[in-house]
Amino acid sequence: MLIHETIAGLRAARAKAGRVALVPTMGNLHDGHIALMTQARAHADQVIATIFVNRLQFRPGEDFEKYPRTFAADCARMEAAGVEHLFAPGESEMYPQPQTYHVEPPTEQAGILDGEFRPGHFRGVATVVMKLFQIAQADVALFGKKDYQQLMVIRHMVRDFNVPVEIVAGETVRAADGLALSSRNGYLSPAERAEAPRLYRLLTELAAEVRQGARNYGELEAKAMNILSMNGWAPDYVALRKKLDLQSPSAHDSDLVVLAAARLGSTRLIDNLEV
Ligand code: PAF
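Notes on the structure follow. (Residues numbered from 1 in each chain as written. Predicted model: local features only at pLDDT ≥ 70, side-chain atom pairs only at ≥ 80, totals over all residues. Heavy atoms only, no water.)

## As for the sheet that holds strand S8 (residues 256-264)
As summarised here, the arrangement of the 3 strands in space is S7-S8-S9, forming an open sheet in which the pairing is antiparallel. For this open sheet the edge positions go to strand S7 (233-242) and strand S9 (267-274), each flanked by a neighbour on one side alone. This sheet shows a mean twist of 10 degrees between the axes of neighbouring strands, independent of strand direction. Bridge count between S7 and S8: 9 bridges; the pairing is antiparallel. Considered in S8, the bridge of Lys 242 is made with Leu 256. (Pairing = 2+ DSSP bridges. Helix = DSSP H or I, 4+ residues; strand = E, 2+ residues; numbered from the N terminus. Axes fitted to C-alpha atoms, helices over the stretch in contact; angles between N-to-C directions.)

Below, the structure written as structure tokens:
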């Protein structure tokens, strides 16, 4: 695997790489990332993975500073997964001067759900992903469904800006007890880790009720939030939404997804399940 720290270096390699698949990450790789890289291989001649902890998508007081940086272990995992190129720029390469232009997703996409609780987060994500698209000029880019709203925002951004890249979604990879793999799971204490799978269990139950015909979405959401609160969580939201744009469904809409975010101790977990 070739490691590129500069945009010029990556571009030179990309020019010789044929059809390219891009897998953007912030590092601290887990099996979910590796599954995306393996999936990427089926779409391209060469895979470019990226590691860049993007300051723009963290709010003051969030975990930018303590976000786990595990570069050597990440490189070993990517080598084993057969990734050809790693783009791992420093901040001064990606933001040599403060970023003055930003990609501003519309409020109806970026001001809801996670965007309501993390104002500016999706602006930071969209801006860095647009930069990565300009830098890597990939034919296809892969993003996990674990970050369902991020995937939706990126799909709309690509469509609205006519970016010539195909967006492919990867399924969420889970631990045996159902907990969605996430770099932030490492923040959980043993007791919190034992409690954490409740989030997925609740989503599973809620999705099953909807599949069986329940349409009292507000009540179902409130019940799930209440169960989380009673078990020591601080839920931000549990919400049934339309898959396509994450807007609230009416009773006759199909193609739904249930999404949740909740804090367990100081760790904020998100998860979702397509209905
Ligand atoms: O999902 C992530 O890890 C990040 O949001 C991404 C897409 C790499 C942009 O920084």
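So that's the structure; there's more coming.
## Here's the deal with the pairing of strand S5 (residues 140-144)
In terms of residue burial, S5 counts as a mostly covered element, since 4 of its 5 residues are buried. One ladder, built from 2 bridges, connects strand S2 (residues 20-25) with S5; its direction is parallel. Within the sheet, the bridge partner assigned to Ala 21 lies in S5 and is Val 140. The sheet contact formed by S5 and strand S6 (residues 166-170) spans 5 bridges and is parallel. Each bridged residue has a counterpart across the sheet, and for Val 140 the counterpart in S6 is Glu 166. In this fold, the crossover linking S5 to S6 by way of helix H8 (residues 148-160) has right-handed handedness. (Buried < 20%, exposed > 50% of the residue type's maximum accessible area, 1.4 Å probe, protein only. Right-handed = clockwise from strand over helix to strand, strands pointing away.)

## What about the site of the ligand?
Taken together, Pro 24, Thr 25, Met 26, Asn 54, Gln 57, Val 128, Phe 143, Asp 147 and Gln 150 make up the full set of residues near the ligand. Residue Gln 57 places a side-chain N or O atom 2.6 Å away from an oxygen atom belonging to the ligand. Summarising the interface, the protein chains cover 89% of the accessible area of the ligand, which totals 290 Å² for the free molecule. Residues of the shell around the ligand, tallied by class, amount to 4 nonpolar, 4 polar and 1 charged. (Near = heavy atom within 4 Å. Polar contact = N/O pair within 3.5 Å; in protein donor to acceptor, adjacent residues only side chain to side chain. Areas by Shrake-Rupley, 256 points an atom, 1.4 Å probe, with all protein chains shown as cover. Nonpolar A, V, L, I, M, F, W, Y, C, P; charged D, E, K, R; others polar.)

## What about the pattern of salt bridges?
In the structure shown here, the tally under the stated rule is 18 salt bridges. Across the pair Glu 104 and Arg 123 runs a salt bridge whose closest N-O atoms are separated by 2.9 Å. Highlighted residues: Glu 104 in the loop between helix H4 (91-94) and helix H5 (107-110) and Arg 123 in helix H7 (residues 121-136), separated in sequence by 19 residues. With a relative accessible area of 54%, Glu 104 lands in the exposed category. Here Asp 271 makes a salt bridge to Arg 174, at a shortest N to O gap of 2.8 Å. (Salt bridge = Lys/Arg side-chain N within 4 Å of Asp/Glu carboxyl O.)

## Digging into the nonpolar core
Generally speaking, nonpolar side chains in soluble globular proteins are found buried as a group. Phe 133 and Ile 167 are the most contacted members of the largest nonpolar core, which totals 44 residues. The set of elements that each furnish at least two residues to this core consists of helix H1 (7-15), S2, H7, S5, H8, S7 and S8. Looking at this core element by element, the count peaks at 10 residues for H7. Not counting chain neighbours up to four residues away, the residues in contact with Ile 167 comprise Phe 133, Ala 141, Phe 143, Leu 151, Ile 154, Arg 155 and Val 158. (Core = buried A, V, L, I, M, F, W, Y, C linked by side-chain atoms within 4.5 Å. Contact = heavy atoms within 4.5 Å.)

## A closer look at the packing of aromatic side chains
Tallied over the entire structure, the rule returns 5 aromatic pairs. Connected via pairs of aromatic rings, a cluster forms that spans Phe 58, Phe 64 and Tyr 67. In this structure, Lys 66 is placed above the aromatic ring of Tyr 187, and the distance from its NZ or CZ to the ring centre is 4.2 Å. Above the plane of the ring of Phe 64 lies Arg 69, whose end atom (NZ or CZ) is 4.9 Å from the centre. (Phe/Tyr/Trp six-rings, centres within 6.5 Å; stacked < 30°, edge-to-face > 60°. Lys NZ or Arg CZ within 6 Å of the ring centre and 35° of its normal.)

## Some points on H7
Given a rise of 1.5 Å per residue, 16 residues ought to cover 22 Å, and the 22 Å separating the end C-alpha atoms of H7 matches this to within 8%. Here H7 lies mainly inside the structure; 14 of its 16 residues are buried. Downstream of H7 by a residue or two, Gln 137 has a phi angle that is positive, lying close to 50 degrees. (Expected span 1.5 Å × (residues − 1).)

## Digging into the packing of H7 against H8
Axis separation between H7 and H8 bottoms out at 10 Å; the angle between their running directions is 55 degrees. What the angle tells us is that H7 and H8 run oblique. H7 and H8 meet at a crossing whose hand is right-handed. Contact with H7, carried on its side by Phe 122, Val 125, Ala 126, Val 129, Met 130 and Phe 133, involves Gln 149, Gln 150, Val 153, Ile 154, Met 157 and Val 158 of H8 and no other residues of that element. Of the residues that constitute the contact of H7 with H8, the class distribution is 10 nonpolar, 2 polar and no charged. (Parallel < 35°, antiparallel > 145°, perpendicular 65-115°, else oblique. Left-handed = near helix turned anticlockwise from the far one by under 90°.)

All we've got here are geometric facts, nothing functional implied.
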